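# Breakdown of the fold
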Amino acid sequence: MTEMIASLGSWNWLIFGFVLIGLELLAPGIFLFWFGLAALLVGGLSLVTSPSWQAQLLAFALFAVSAVPLWRHFAVTKNGEGNSPFLNRRAEALVGREFTLEKPIVDGIGTVRVDDTLWRIAGPDTPAGTRIRIVSADGVRLTVIAA
């Protein structure tokens, strides 16, 4: 077994890396990709230099362990939110938008149609046909003013 590990060369690492990345394509989860990338890096390093098998295994372990935290660091945006900052906060995404009332606001309560959804709104009594602007969102209730 030691002889087999000692005979690891750059081509073995490159093939191993491509096999792991190929397996990632079959069973996605962004887990095997990092091991495959680490193997490719060790293979590239072995092409340039001739490290011992112990150094190759150590480099593989270091690359594999450090790849995931580095990816997590660079994948997160500056404010800590992903690509969809209003995901699960649809009401907040409506703040600032303007709409036309189909039904009047009576006694401070009404509804407005936004795309295919009816939203409950609160604001001053306003007749139908008036343009309104959403100024705040509190849960599923939107506060509006005349635009």
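Read on for an overview of the structure. In this text the structure is predicted, and so the values were computed from the model without any measurement.

## Quick word on unusual backbone geometry
Glycine aside, residues mostly have negative phi, and peptide bonds are mostly found in the trans state. The phi angle at Asp-107 is positive, at roughly 55 degrees, despite the residue not being glycine. Within the secondary structure, Asp-107 sits in the loop between β1 (98-100) and β2 (109-114). Since its relative accessible area comes to 67%, Asp-107 is described here as exposed. The phi dihedral of Asp-115 is positive, around 55 degrees, even though this residue is not glycine. You can see Asp-115 is positioned in the loop between β2 and β3 (117-122).

## Side note on the nonpolar core
In terms of nonpolar packing, the biggest core is built from 13 residues, with Leu-94, Phe-99, Val-112, Trp-119, Ile-121, Ile-132 and Leu-142 touching the most fellow members. The set of elements that each furnish at least two residues to this core consists of β2, β3, β4 (131-138) and β5 (141-146). When sequence neighbours within four positions are dropped, the list of residues in contact with Leu-94 reads Phe-99, Val-114, Trp-119, Ile-134 and Leu-142. Counting 7 residues, the second largest nonpolar core, distinct from the first, contains Trp-13, Ala-39, Val-42 and Ala-64.

## Examining the sheet that holds β4
Strand pairing in a sheet is mediated by backbone hydrogen bonds. Such pairs are either parallel or antiparallel. In spatial order, the strands read β1-β4-β5-β3-β2; together these 5 strands make up an open sheet with mixed pairing. A strand with exactly one partner marks an edge of an open sheet, and here the two such strands are β1 and β2. Across this sheet, the average inter-strand angle for adjacent strands is 50 degrees, counted without regard to direction. In the sheet, β4 pairs with β5 via 6 bridges, with the strands oriented antiparallel. Looking at the pairing, Ile-132 lines up with Ala-146 of β5.

Reading the values: the criteria
- Residues numbered from 1 in each chain as written.
- Predicted model: local features only at pLDDT ≥ 70, side-chain atom pairs only at ≥ 80, totals over all residues.
- Heavy atoms only, no water.
- Helix = DSSP H or I, 4+ residues; strand = E, 2+ residues; numbered from the N terminus.
- Buried < 20%, exposed > 50% of the residue type's maximum accessible area, 1.4 Å probe, protein only.
- Core = buried A, V, L, I, M, F, W, Y, C linked by side-chain atoms within 4.5 Å.
- Contact = heavy atoms within 4.5 Å.
- Pairing = 2+ DSSP bridges.
- Axes fitted to C-alpha atoms, helices over the stretch in contact; angles between N-to-C directions.

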